[in-house]
Structure formats: structure tokens, C-alpha cells
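Chain residues, written in single-letter form:
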Amino acid sequence: MDFIRFNAARCNLCGICIDKCPFGALSMGESSIEVNEKCRMCGLCVRICPQKAITFEQKAGSVDKKEWRDFLIFVEQERGDIHPVAYELIGEARKMTEKVDYKVKCVIVGPEGTAENANKLLQYGVDEVYVYEHPGFEGFKADCYADAVADCISEIKPSSVLIGATSLGRSLAPRLSTRFHTGLTADCTQLDIKPNTDMIQIRPAFGGNIMAQILIDKSRPQFSTVRYHVMDKAKKVDKPTGKIIMREVNDEMVHSHIEVVSSEIIEKKKSIEDAERIVAIGRGVKTEEGVKLCKELAEALGADVAFTRPMVEMGVGDQLHQIGLSGHTVRPKLIITCGVSGAIQFTSCMNASETIVAINSDPKAQIFGVASYCIVDDLYEVVPKLTELLKQRKED
């Protein structure tokens, strides 16, 4: 690490700092003490050094960006297979490589079968996949996974690290950014990159009222977690040229301070995120009769029913079927919004849908700004007619 300095004239290599470091971040090199990515900048080594040979020095903008190159994507595995968000991250990274001369690399950590999954990634134009495979990685242990990914980052020095904003990713990303003393932008909905390799990370801020553009321009690597279903999946390439690189896993890397007492596979419930057709009910649906009409439309359409946050807070819907920043991000082929005003908290989590039909009596409603088809009318008049037309079509 660049922040810990050893004064060679004072240091007598006594090793006290190595023995006392609570994170195992110090080791004896050929001629000096070496610091690895496990350092937390706690300052204990500075305080206990009898020779006063250690100093802590952190300067903004001291990193040489030329030493940090390429994109590194953490590939999460779920129930023995690759989580789909990884393919979206690969697709977004490949888009950004058109603006900077970077490679797209992946790191995947897990038990036996991980290397087999790694081969699937090459079909999507990935240049290199770093594999950490060991029985000790069975089940997600945050400390072990952080050690493995940090080892990869230290080795290849990526400019940007992209991680899916899943439950696992949200646990892993802050641990890694802390280790490397750099920034992390969580729950990004858009990514772009400048010619100077600073990544533009866009996410809702201030309760979703604005879309903030965030830069990490003074340090590297740049960490981002990205929501599932907001970006295009990478396309397969005709002739993959990438390679698999098996990384050594030692006993220390798989030693965890977390003890798994028992585990149980929870049956995965159908999520609104996977729906191809959705009827979304907003606050403009003011009565139980209106909700019933929307549900009848969904049934006729063969669609799932979703709700905005206000409707969930009123007890009309549940969080499992909520669209928005505090709910789920969706990307169906068709979504019909009924009585939805179109606040950014909602639209940022559904505006990538293939076709958006908006029904609202207010011609100035924000939802019309993202809709493919706009119906300015009373939903109590429009929805029953749409339902009737769909039923007639089925009968024909």
C-alpha cells in the first residue's frame, strides 16, 4: 500500500509490527517490511514501532492512473450457476472499451465447478477470467471472498471494478473499497467513461429526486455496484479469444472467522424482476374497485401485478411486487402503468422496459416522458375497455 511508509535508516526489521498487526497486512520482504491489501490503516503499527520507523501518509491524487488499467467484473454464482447480472456488467464494460483501450476481465470465486462456469464467460467476449476454486469457498463467507478478490485486484490492478448490486455484492463491495482506500458508488443505473479513464457513475440521489453523476478521480480502483435488469446483456461473440487463469488458493485465504452452523436452501419464489408483462398500479388508482379493474386487466393480459411505493405503504400491495428504488428493478417486454405519476424513484427502475404504456388523466404526468404509448384519460374508463378487447381477442 502507498500510504504506509517505512524509514529504512531507522527500521531494524525486528518484526514487532508484523506480529502485532491484527489484519495480517505486514510481511517480511527481502530487505524491508511489505504491506499488502489487507491493511486497514488502523495505525497500530505506527504506534507500537519501537524505532518510530513507520509513518502514515495519505495524499489525494497521488495515484498514477496509468498503472491501473482495464475493467474487472466480479462474477457471482447462484445455486451453482452464474448470476445473470454478470452478463449485464460484461455488456456494459464492453461498451465502455470503445472509448478507452481497455480489456474486460472477470474474477470468479467458488467451490468445485467454478472453473466450468468460468468457461461460459468466454463466449461473451471476455479477455481473461481469473478463477479461485476451492472447497473452502462453499457458501458465501464475506471475509474469504474479499481476500480472494482483493488478491486478484492487487495482482492485475484494474481501473474499475464492477459488482452486481445483489445481497452478496452489497456485502462484498464495501469491504473491497475499504481495503483499497478508494471510493464506491452503490446501486448505479448507468455507467460511462471519460477519455482520462474516470468512470461516470450515475445513480439516483436525494431520495431519488435527482440523478447524480459521481466520479472517483483521485484514487484507483473505482468500485461500482450496479442494479440487476438496468443494462443490456452482453452478446456472444463468434470466435472467443479469452483465456482462463487459475489462481492459487492457500489455506489462509479460505480460513474464515465466520462459522456456518447450519444452512438451508430456501425455495426461490417467482420475482417481479423476471416478469415479461406487468400491470403497475399507482396512487391514481384510488379505490378498491380500481385495483380490481387493474388486476382483471393483468389476468386478461397474462401479466404480473406490481405496485408503486405509496400503494405498498397503504397496504394495497407488498414489497415483493414493488417497483422502485426501495423495491425491484424490472425490464419486461411490456409494462402498463395505471395511475402512476412517474417519479424518478419509480421510472429509474423500469424505464429500460421494451414497451411502456402509460394511462393517466394528467397530461403533465412525468410518466409520459418515458412511455412508448401515452393514454391521457380516466383509467376507470380505459382499463375496462382494454380488458374487454383482450378477452374478445382470446375468444377469437
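Each value, and the rule that gives it
Residues numbered from 1 in each chain as written. Predicted model: local features only at pLDDT ≥ 70, side-chain atom pairs only at ≥ 80, totals over all residues. Heavy atoms only, no water. Core = buried A, V, L, I, M, F, W, Y, C linked by side-chain atoms within 4.5 Å. Buried < 20%, exposed > 50% of the residue type's maximum accessible area, 1.4 Å probe, protein only. Helix = DSSP H or I, 4+ residues; strand = E, 2+ residues; numbered from the N terminus. Contact = heavy atoms within 4.5 Å. Salt bridge = Lys/Arg side-chain N within 4 Å of Asp/Glu carboxyl O. Pairing = 2+ DSSP bridges. Axes fitted to C-alpha atoms, helices over the stretch in contact; angles between N-to-C directions. Polar contact = N/O pair within 3.5 Å; in protein donor to acceptor, adjacent residues only side chain to side chain.

K.L.:
What is the right way to read the nonpolar core from this model?
P.N.:
As a rule of thumb, soluble globular proteins bury nonpolar side chains together. Residues Ile73, Leu121 and Val129 are the most contacted members of the largest nonpolar core, which totals 32 residues. Elements represented by at least two residues in this core include exactly strand S5 (71-75), helix H3 (85-96), strand S8 (104-110), helix H4 (114-121), strand S9 (128-133) and strand S12 (190-193). If one sorts the elements of this core by residue count, H3 sits on top with 6 residues. Aside from chain neighbours lying at most four places away, what touches Leu121 is Val75, Ile82, Tyr87, Ile90, Cys106, Val126 and Val129. Counting residues in hydrophobic clusters, the runner-up holds 28 residues, among them Tyr130, Leu172, Phe180 and Met253.

K.L.:
When you look at the pattern of salt bridges in this model, what are you seeing that I'm missing?
P.N.:
Applying the stated criterion across every chain yields a total of 17 salt bridges. Between Glu67 and Lys157 there is a salt bridge, and its shortest N-O distance comes to 3.6 Å. Residue Glu67 is located in the loop between strand S4 (54-56) and S5, and its partner Lys157 is located in the loop between helix H5 (142-156) and strand S10 (160-164); the two are separated by 90 residues in the primary sequence. Given the relative accessible area of 46%, Glu67 is considered partly exposed. Between Lys95 and Glu92 there is a salt bridge, and its shortest N-O distance comes to 4.0 Å. Taken together, the positions of Lys95 and Glu92, both in helix H3 and 3 residues apart, correspond to about one turn of that helix. Overall, the relative accessible area of 38% leaves Lys95 in the partly exposed class.

K.L.:
Would you take a moment to explain the sheet that holds strand S18 (residues 304-307) for this structure?
P.N.:
In spatial order, the strands read S18-S17-S19-S20-S21; together these 5 strands make up an open sheet with parallel pairing. Two strands close off the open sheet at either side, each with one partner strand: S18 and strand S21 (373-376). With direction set aside, neighbouring strand axes in the sheet form an average angle of 15 degrees. Contacting strand S17 (277-281), S18 and strand S19 (334-338), helix H8 (residues 288-301) crosses the sheet at an angle of about 175 degrees to S17. Along the sheet face, helix H11 (residues 379-395) touches S19, strand S20 (355-360) and S21 and points at about 135 degrees away from the line of S20.

K.L.:
Is there a simple way to think about the side chain of Thr225 in this case?
P.N.:
Structurally, Thr225 is set in strand S15 (residues 222-226). Given the relative accessible area of 2%, Thr225 is considered buried. Here the side chain of Thr225 touches Asp187 through a polar contact of 2.9 Å, landing on its backbone nitrogen. Excluding residues within four positions of it along the chain, Thr225 makes contact with Ile163, Ala165, Gly169, Ala173, Leu184, Thr185, Ala186, Asp187 and Cys188.

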